[in-house]
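# Analysis of the macromolecular model
Here are the chains, one letter per residue:
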Amino acid sequence: MRVYIVDLASGNLRSVAQAVRRVAPEACLDVGRDPAAVGQAERIILPGVGAFAALASRLFAEPQLVAALEAQRAAGVPILGICVGMQLMAEIGLEHGRSAGLGWIGGQVEALAQETQDPDQAAPHSLRVPRMGWSLVTPTRGNPLLPAKEWFYFAHGFAFAARDSSCVLATTRHARPADTPALIGDTSPHRVWGAQFHPEKSGAAGMAFLARFLSPVVLA
Amino acid sequence: MAGQAKAAGETNPVFPASTAVRIIPCLDIAEGRVVKGVKFQNLRDAGDAQQVAQFYSEHGADEICFLDITASHKGRKPLIQVLERVAEVCFVPLLAGGGVATPADMRALLCAGADKVSVNSAAVAQPELLEACAAQNGAQCVVLAIDAKRRASDRRASSDRREPSEKQEPSDQPPSQGWEVLTHGGRRATGREAVAWAQEGVARGAGEILLTSFDQDGTRAGFDLPLLRAVAAAVSVPVIASGGAGSAADMIAAVRLGGASAVLAASIFHDRETTPAAVATEFRRAGLPVREAMG
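All figures in this text were calculated on a predicted structure; none of them were measured in a lab. (Residues numbered from 1 in each chain as written. Chains lettered and ligands numbered in written order. Predicted model: local features only at pLDDT ≥ 70, side-chain atom pairs only at ≥ 80, totals over all residues. Heavy atoms only, no water.)

Moving on, we get to the overall build of chain A. The helix and strand inventory of chain A stands at six helices and 13 strands. Here chain A holds 220 residues, and the buried ones make up 60% of them. For chain A, the exposed surface amounts to about 7800 Å²; the carbon and sulfur share of it is 52%. (Helix = DSSP H or I, 4+ residues; strand = E, 2+ residues; numbered from the N terminus. Buried < 20%, exposed > 50% of the residue type's maximum accessible area, 1.4 Å probe, protein only. Areas by Shrake-Rupley, 256 points an atom, 1.4 Å probe, with all protein chains shown as cover.)

This part takes up unusual backbone geometry. Residue and element names in this part refer to chain A. The linkage connecting V129 with the following residue, P130, adopts the cis geometry, with an omega of 0°. Residue position: P130 is located in the loop between β7 (107-111) and β8 (131-139). A cis amide bond links S188 with the next residue in sequence, P189, at an omega value of 5°. Along the polypeptide, P189 turns up in the loop between β12 (179-186) and β13 (192-195).

Per the counting criterion, the structure on display carries four cavities of 30 Å³ or more. As a volume, the largest cavity reaches approximately 120 Å³. For the lining of the largest cavity, the residue count by class is six nonpolar, four polar and three charged. (1 Å grid on protein atoms, 1.4 Å probe; cavity = no way out; pocket = protein on both sides within 12 Å on 5 of 7 lines; lining within 4 Å. Points joined across faces, edges and corners; volume = space filled by probe spheres on them. Nonpolar A, V, L, I, M, F, W, Y, C, P; charged D, E, K, R; others polar.)

Looking now at the interface of chain A and chain B. Interfaces are often sized by the accessible area lost when the parts come together. Facing the 42 residues of chain A at the interface are 51 residues of chain B. Of the roughly 3900 Å² buried where chain A meets chain B, counting both sides, 56% is carbon and sulfur surface. Of the charged contacts, one joins D115 of chain B and K201 of chain A as a salt bridge, the two residues approaching to 3.0 Å between their closest N and O atoms. Connecting chain A to chain B are 15 residue pairs in polar contact (both at pLDDT 80 or more). For the side of chain A that touches chain B, the elements supplying multiple residues, two or more each, are α1 (13-23), β8, β9 (150-156), β11 (168-173) and α6 (203-214) of chain A. Element by element, the count of residues in the side of chain A that touches chain B is highest for β8 of chain A, at six residues. (Contact = heavy atoms within 4.5 Å. Buried area = accessible area lost by both parts, 1.4 Å probe. Salt bridge = Lys/Arg side-chain N within 4 Å of Asp/Glu carboxyl O. Polar contact = N/O pair within 3.5 Å; in protein donor to acceptor, adjacent residues only side chain to side chain.)

What follows concerns the packing of aromatic side chains. Within this structure, the stated rule accounts for eight aromatic pairs over all chains. Look at W193 of chain A and F213 of chain A: their rings are 6.4 Å apart centre to centre, the planes differ by 80°, and that puts the pair in the edge-to-face class. Of this pair, W193 of chain A sits in strand β13 while F213 of chain A sits in helix α6, placing them 20 residues apart in sequence. Here W193 of chain A and F213 of chain A have matching classes, each one buried. Connected via pairs of aromatic rings, a cluster forms that spans F152, F154, F197 and F209 of chain A. Taking the ring centre of F213 of chain A as reference, the NZ or CZ of R43 of chain A above it sits at 5.9 Å. We note R192 of chain B situated over the ring of W197 of chain B; from NZ or CZ to the ring centre the distance is 4.5 Å. (Phe/Tyr/Trp six-rings, centres within 6.5 Å; stacked < 30°, edge-to-face > 60°. Lys NZ or Arg CZ within 6 Å of the ring centre and 35° of its normal.)

What follows is the structure, encoded as structure tokens:
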């Protein structure tokens, strides 16, 4: 299995690569931004930490890389975005100004709602932004990557607002009242998923999630 | 939904959301080894960093913190090596800090395997550092570490050099003069007010506050709850409580009464008095949302 991790100069590359090596030691893993290597890959991971605008500008500065990703998406090669890598699949991101994303999944990336608080009261832990920590992720639609509820690690201040709820495969709860998408996907005819959480930092649950994405049986 | 008594972590009147309170063992690093002192002094060896970190990640740690306490005057190379080794075996979030003075320092730690980096002395000297770090790496990577000391005019804090065995609870009232920010591992007073500094730090881009009470550090006498409360009320980002953890009850108080989103402890974990998993069990009993670790 040829696995390619797209290098957008994001800080978590090493962690993602180490997690892939852990769950798929037999995989042929490469990290970079080579359009030809993207074209050969059987699994593509798009990790991202940082701000939407910065990562989008790095991605779109390389039109051949984008074209290679588009071609693999059209060919049905499984692609997984992580955190801002997931958010880049939106049409629009609003972090540090308005910028375009890949537009693979309808919707935009908006700031997490910060509830108005009584100024004399400390905000409850659960309403603080950025949201840092482990949350329970609940599947809302049958999907091969997350068959059951599990805890994953999140670190984000912005969230994907999907236009079509059928793209939301699993949700998590932070600020009331709305649940935010934790796993999104466009799975027919494409095989594109985006995880708002960090599987590479989510212990055994995260390793199992990555193992399913990399499995030639689960995603035949 | 409110009021329904469901499983903790799903629907809870105090914690309506499912983001768990984090339990964070802290590894103070000197020369690549884990050390622990009292009030930042009298360091003793507490093991190999990779082994200690792996033990915690297998025993319920939600995150692991690495602070290079010698870095401010000796450089950061040892911390980078520690992180690289730890990241090979630990797949939980890693928070690292100690001597970070530039966005490039921060970048090096992130690339070595850290998910978040704390800045302390350098941010006090040069607050724009926070903006630069957040712009490059996102606010969620930038943790402002604040070491705060009760002002000397407060009688209870002025009885300096308390022995750790003397269990002394901090006063429940904020000191009249507030708390002063210390830097350089507690060696230097800055004259800055801790609560105002936390607010400024968040306004400049910090996504989290790691708040250590200098008075309580290593004493196991409980967290400085008035300090926690004051800072948690002043900022909207998560606050990590640090300094003074002696029991799970202290940690529960830090969350319930102090408003902390996470609790950090060193001594009680290093001495194997308890484990993060055992603390999580106590949190669950107290109705706090905790992660259910998988197999």
